Number of protein chains: 2
Amino acid sequence: MTQIAYEAARRFIHAAFASQGFAESDANQIATLMADADLQGSDGHGIIRLPQYIKRVRANGINRHPNIRVIIEHPATALIDGDNGMGHLVVSFAVEVGVRKARSAGAAWVNTRYSNHAGPASLYVRQALGQGMVCLYFAVGNANHLAPWGGLDLLLSTNPIAAGIPTDQEPPVLLDMATTVAAYGKVKAKAKRGEQMPVGWMIDRLGKPLLDPNRSAEGLLLPIGGHKGYGLALIVGLLAGTLGGAAMGRDVVDFNADHTSVTNTGQAMLMIAPEAFGDPLAFRRSVDQLVRDIRGGQRLPGVDRIWLPGEQSHERRVRYRESGFPVSEVLLKELNMLAAEIGIEPLTRAVAA
Amino acid sequence: MTQIAYEAARRFIHAAFASQGFAESDANQIATLMADADLQGSDGHGIIRLPQYIKRVRANGINRHPNIRVIIEHPATALIDGDNGMGHLVVSFAVEVGVRKARSAGAAWVNTRYSNHAGPASLYVRQALGQGMVCLYFAVGNANHLAPWGGLDLLLSTNPIAAGIPTDQEPPVLLDMATTVAAYGKVKAKAKRGEQMPVGWMIDRLGKPLLDPNRSAEGLLLPIGGHKGYGLALIVGLLAGTLGGAAMGRDVVDFNADHTSVTNTGQAMLMIAPEAFGDPLAFRRSVDQLVRDIRGGQRLPGVDRIWLPGEQSHERRVRYRESGFPVSEVLLKELNMLAAEIGIEPLTRAVAA
């Protein structure tokens, strides 16, 4: 592992997108969000995705100069057409629209269509939290690895649910979870490390536990709570995909295998302005109190600490800002091969040791 | 088991509440919703709750003549004060407010406070679906049986999530799930039948599987997906409880043990008018198509049918409307002891055989 400084990663990603003709401000926004993903430990959604994104851009599978815009709106809703731009740009735009509407209407629901993979949901929930909002976020995943409960057809993805609740003194409560027991990135990581998967992550097409991650293409991810997680993944897909006219079910494009088809990815988010329900500071303090009750409670034998959702990412962000974040030698080599290909400066560790 | 006709149950419940001085229209609304719960097979939330509800009413733990009203509102939000009335009345009122606001603003978020147990979440999602809405529903459960992940303090409940998506020809997609592997009612049912619980439902205070449902008071329910379900239960509680100034965490009153304290129960719901995102019929038809893709897909060996969320309840509703719904002899006896106590006609099977 090499420690990469946040700023070095940000500049590298920026240079990569700028080299492909992206506008300065767009390259900057994408780079900041992608490096933020690594900073919080979402290493399956940060700089590791750069080669795939750039491959898609170079294959014209992404619109370099999208006209991201609101196409239908009401006082508390908006439908955003992402014009096949990078998901990071589309979803950031959608959050801003949602926040603005929630400030005037109390709450707002925003759907995107013709968006793309946007990295970890938590980035956008953090953006909303930064503006004092309560936020729920839903997305249709970019490859179907989940079947309906009892079924074999891969009609569903790991469709994530994320939520953010603002606090006063404590780190915000920030949940970001796949509706499957394991996200597909974790399966790929097991394969890379030559490890077996635990029982409960995947089954094969006979319903038997599948433990070899190299055989994952033959299997199905399992939803959390059996039929309940299937129900959640379905609802998330209907809200984030179907409602806004984005891809869902058999229309989902596997963006790992296909670098050119328009993915028509959909995301959806709810913003609630806490001041619409009373004194927002009193609310934030109630959340703090609950956080402290939970953290300070009795623990099961062998448990050192009770974590709140988002707290570990919060701590990593502080730590990695100092030390840089870890990148494997394999990934670093891959990124620097990309750099040579597209003619940008290589990525170096660039952390003052 | 005795088959009880829907209408007989409805009249019986109506008579029970009318006998306690409830207004005619309120008794009627509560009775319809409670009988509807049994009609769809939510037998832990229907007529079985009548003795407990009436006990609370007679102990003045419920306000017989509540002034249920909007206390703060914005174009897309409302905070409803239930004035400690029956939850069924408060939540039905909240749905109507939410639907009205969503029709004009596109979407609406409504919180309740000073509400009470309202039966199954799906009843209110159905109410919203009947008006063409997409709906999400969250509630704080009325007794804490769940600890934070790694913890022992019962700070969380089985906080349910429900969601409804309207369809055209197909039954609506209607999810209604506890965020725990098993709802507490299922544990009580196991005890009643003298059966052991499967591994994964509960643990004891050492973290070991707890299998004896008669020892459930010593244990903790397990959340779906481990830490993920804990995160969901927490977010649901923050949205449905804390945001609206209702009870959450250590403030939750165990309404099974305490019949007089004001529970300050909170519920929250989101309504989205599909027409705010385009042609609502086209949307409904897309949902139908997805439902058919799922139902018609390949199945795992031994699986007879792939179910959509809400489909089994839908089929029961049709069947039980004909045949009546099953009530155990024990429950029937208990209900008829109550009838004698409060001076109403006993409940009889009243289904034309």
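None of the values given here were measured: they were computed from a predicted structure.

## Regarding the domain arrangement of chain A
How big an interface is tends to be reported as the loss of accessible area on association of its parts.
Residues and elements named next belong to chain A.
Here comes step 1: Split by domain assignment, chain A resolves into domain 1 (2–58 + 314–342) and domain 2 (69–178 + 188–277).
Here comes step 2: For domain 1 and domain 2, the distance between their C-alpha centres works out to 21 Å.
Here comes step 3: Facing 13 residues of domain 1, the contacting portion of domain 2 comprises ten residues.
Here comes step 4: Put simply, the parts of the chain that give the side of domain 1 that touches domain 2 at least two residues each are helix H2 (24–39) and helix H3 (50–58).

## Some points on the interface of chain A and chain B
Here comes step 1: On the chain B side, the residues contacting the 62 residues of chain A number 62 residues.
Here comes step 2: Counting only elements with at least two residues in the side of chain A that touches chain B, the list comes to strand S2 (69–74), strand S3 (77–81), strand S4 (107–113), strand S6 (161–165), strand S7 (173–177), helix H7 (227–240), strand S10 (267–272) and helix H8 (280–295) of chain A.
Here comes step 3: Split by residue class, the side of chain A that touches chain B holds 39 nonpolar, 18 polar and five charged.

## Concerning the pairing of strand S6 (residues 161–165) of chain B
Residue and element names in this part refer to chain B.
Here comes step 1: Among the five residues in S6, five count as buried, and that is most of the element.
Here comes step 2: Here S6 shows a buried face lined by Ile-161, Ala-163 and Ile-165 and a second buried face lined by Ala-162 and Gly-164.
Here comes step 3: In terms of strand pairing, strand S5 (residues 134–139) meets S6 through four bridges, oriented antiparallel. Paired with Cys-135 across the bridge in S6 is Gly-164.

## Details of the pairing of S5 of chain B
Residues and elements named next belong to chain B.
Here comes step 1: Counting buried residues along S5, six of its six residues qualify, which places the element largely inside the surrounding structure.
Here comes step 2: Along S5, one buried face is formed by Val-134, Leu-136 and Phe-138 and the opposite face, lined by Cys-135, Tyr-137 and Ala-139, is buried too.
Here comes step 3: Note that S5 and strand S10 (residues 267–272) share six bridges and pair antiparallel. Paired with Cys-135 across the two strands is Met-271, which belongs to S10.

Conventions and cut-offs
Residues numbered from 1 in each chain as written. Chains lettered and ligands numbered in written order. Predicted model: local features only at pLDDT ≥ 70, side-chain atom pairs only at ≥ 80, totals over all residues. Domains from an automatic or database assignment. Contact = placed C-beta atoms within 7 Å. Helix = DSSP H or I, 4+ residues; strand = E, 2+ residues; numbered from the N terminus. Nonpolar A, V, L, I, M, F, W, Y, C, P; charged D, E, K, R; others polar. Buried ≥ 20, exposed ≤ 12 C-beta atoms within 10 Å, placed from the backbone. Pairing = 2+ DSSP bridges.

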